Amino acid sequence: RKEVEQDPGPFNVPEGATVAFNCTYSNSASQSFFWYRQDCRKEPKLLMSVYSSGNEDGRFTAQLNRASQYISLLIRDSKLSDSATYLCVVNPRGGNEKLTFGTGTRLTIIP
Amino acid sequence: SAVISQKPSRDICQRGTSLTIQCQVDSQVTMMFWYRQQPGQSLTLIATANQGSEATYESGFVIDKFPISRPNLTFSTLTVSNMSPEDSSIYLCSVEGGTGGYEQYFGPGTRLTVT
């Protein structure tokens, strides 16, 4: 089983719709979780950290389910500029600075 | 977050040659990381570079192929040695965010093509 697994998509979603991605991780000792966004031919950029209590940043909501070992990202009222690849990232060994990246979910917002 | 620059932004190199990639950060950081992103793939950690000590390499990566320097707290280099077409990739450096939450921030990457 991969350390971090994501549905690669692509997700093609009409503008204004709500879209959700899930990501599963294999190491129950994982401590830190993130969603990154990567635009074509650009570096990954931190979108948001994911906290145990769940957290929201504008149209974006991230949630963590430790029992089932998955994290989710919800995007409401999607914009054309949300088109990108979304990377699920996990700090798998807790207390260690190394990050493990999922393969990414490709999202395209359609006008 | 830190501002990170990389040089060169891209290069086309011949098989058997070596390329050194530079990573400069606008603030002092303890740890710097080097990643590779092959076409259509996600990021794979090559090594972790601490100032004043040898870099720590991940499984599948060796110092002879990817020597790393970390002369001070704002700079690091990664050399891709004796290149082959399989080394064609994007190479990215990153630094920790410094909040204790283990998030990392990335440089713009170096796009390497080996012919």
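Residues numbered from 1 in each chain as written. Chains lettered and ligands numbered in written order. Predicted model: local features only at pLDDT ≥ 70, side-chain atom pairs only at ≥ 80, totals over all residues. Heavy atoms only, no water.

(A) Up close: the interface of chain A and chain B. With 18 residues of chain A in contact, the opposing surface of chain B contributes 21 residues. Across the chain A/chain B interface, buried area totals approximately 1600 Å², and carbon plus sulfur atoms make up 55% of it. On inspection of chain A and its partner chain B, the count reaches one salt bridge. Taking the shortest distance from any N to any O, the salt bridge between Glu 58 of chain B and Lys 98 of chain A comes out at 3.0 Å. At the boundary of chain A with chain B, the tally comes to four residue pairs in polar contact (both at pLDDT 80 or more). Of all the elements in the fold, those that place two or more residues in the side of chain A that touches chain B are strand E4 (32–38) and strand E9 (84–91) of chain A. Tallying contributions element by element places E4 of chain A first for the side of chain A that touches chain B, with four residues. Residues of the side of chain A that touches chain B, tallied by class, amount to seven nonpolar, seven polar and four charged. (Contact = heavy atoms within 4.5 Å. Buried area = accessible area lost by both parts, 1.4 Å probe. Salt bridge = Lys/Arg side-chain N within 4 Å of Asp/Glu carboxyl O. Polar contact = N/O pair within 3.5 Å; in protein donor to acceptor, adjacent residues only side chain to side chain. Helix = DSSP H or I, 4+ residues; strand = E, 2+ residues; numbered from the N terminus. Nonpolar A, V, L, I, M, F, W, Y, C, P; charged D, E, K, R; others polar.)

(B) Geometry of the packing of aromatic side chains. Throughout the structure, instances matching the rule amount to 12 aromatic pairs over all chains. Consider the rings of Phe 21 of chain A and Trp 35 of chain A, whose centres lie 6.5 Å apart with planes at 50°: the pair is tilted. With Phe 21 of chain A in strand E3 (residues 19–25) and Trp 35 of chain A in strand E4, this pair connects stretches of sequence that are 14 residues apart. Taken as a pair, Phe 21 of chain A and Trp 35 of chain A share a single burial class, namely buried. Geometrically, the ring pair formed by Tyr 25 of chain A and Phe 33 of chain A is tilted, given 4.8 Å between the ring centres and 50° between the ring planes. Aromatic rings pair up to connect Phe 34, Tyr 36 and Phe 101 of chain A together with Tyr 35 and Phe 106 of chain B into one cluster. (Phe/Tyr/Trp six-rings, centres within 6.5 Å; stacked < 30°, edge-to-face > 60°. Buried < 20%, exposed > 50% of the residue type's maximum accessible area, 1.4 Å probe, protein only.)

That is the geometry; function is a separate question.
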